[in-house]
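Remarks on the overall topology
Here's the letter readout for the chains.
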Amino acid sequence: MAAATAKKSGSEMGVVLGLDVPRYMGRWYEIASFPNFFQPRDGRDTRATYELMEDGATVHVLNETWSKGKRDYIEGTAYKADPSSEEAKLKVKFYVPPILPIIPVVGDYWVLYVDPDYQYALVGEPRRKNLWILCRKTQIEEEVYEQLLEKAKEEGYDVAKLHKTPQSDPPPESDAAPADTKGSWWFKSLFGK
């Protein structure tokens, strides 16, 4: 059975109700997203890996992308914004800069849609400044992509801002490329590079 979607009120977005968190865990490939300052502009093979931690409520988050032949990554955690709610409204927390992670940065991660088989997801946040189309595979069928675009439009997103993320097939392994261990990508992102 597909997860239900909360009803919209005013400019409020509909979010998934009753997200099956264990089924949502694992690797998701970024098919498209709004460009943002915290990812390299030339990033490719971008993906997120989620792992439920022992407490059953906190999710370990590993975001990876490849830029100029190097693997850039950041780790953080996610948790329900309101543990008593059925809404799939999560908070994600990362510590920056990557080389000396001391400053917490918290953002919203709202699951706007997930298909019944948990193979495709549409993720946004209440200000509509970030949007991600995610898939369990590196490629998505055009028909499914168009359906997700329509859902995003229904939630008030300007889908013309979406940028398709280049994905390799097969995807690179995390240890197959040198990592940016200095976090220089993060500093460059502050200046829009």
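Anything mentioned here points back to the structure above.
These lines cover the structure that appears in this document, whether it is placed above or below. (Residues numbered from 1 in each chain as written. Predicted model: local features only at pLDDT ≥ 70, side-chain atom pairs only at ≥ 80, totals over all residues. Heavy atoms only, no water.)

1. Considerations on the nonpolar core
Counting residues in each nonpolar core, the largest one holds 24 residues, and the members touching the most others are Leu19, Tyr24, Tyr50, Tyr109, Val111, Val114 and Leu134. Secondary structure elements with two or more residues in this core: β4 (44–52), β5 (59–67), β6 (70–80), β7 (89–96), β8 (103–114), β9 (120–124) and β10 (131–135). With four residues, the top contributor of residues to this core is β7. Filtering out sequence-adjacent residues up to four positions away, Tyr24 remains in contact with Leu19, Tyr50, Tyr109, Val111, Val114, Tyr118, Ala121, Val123, Leu134 and Arg136. Core analysis: the next-biggest nonpolar cluster, separate from the first, contains 21 residues, Leu112, Tyr120, Tyr145 and Tyr157 among them. (Core = buried A, V, L, I, M, F, W, Y, C linked by side-chain atoms within 4.5 Å. Buried < 20%, exposed > 50% of the residue type's maximum accessible area, 1.4 Å probe, protein only. Helix = DSSP H or I, 4+ residues; strand = E, 2+ residues; numbered from the N terminus. Contact = heavy atoms within 4.5 Å.)

2. Some details on the pairing of β10
Counted residue by residue, β10 has five buried out of five residues, so it is predominantly covered. The side-chain alternation of β10 yields two buried faces, one formed by Leu131, Ile133 and Cys135 and the other by Trp132 and Leu134. Pairing of strand β3 (residues 26–33) with β10, which is carried by four bridges, proceeds in the antiparallel orientation. The residue of β10 that forms the bridge with Ala32 is Ile133. Where β9 hands over to β10, the hairpin turn is made up of six residues, of which Arg128 adopts a positive phi near 60°. (Pairing = 2+ DSSP bridges.)

3. Some details on the environment of Tyr120
Inspection of the secondary structure puts Tyr120 in strand β9. Take Tyr120: its relative accessible area is 17%, and that puts it in the buried class. Taking the C-alpha atoms as reference points, Tyr120 and Lys137, 17 residues apart in sequence, are found 8.9 Å from one another. Not counting residues within four places of it along the chain, the set of residues in contact with Tyr120 comprises Trp28, Tyr113, Val114, Asp115, Leu134, Cys135, Ile140, Glu141, Val144 and Leu148. In this structure the side chain of Tyr120 is engaged in a polar contact, spanning 2.6 Å, whose partner is the side chain of Glu141. (Polar contact = N/O pair within 3.5 Å; in protein donor to acceptor, adjacent residues only side chain to side chain.)

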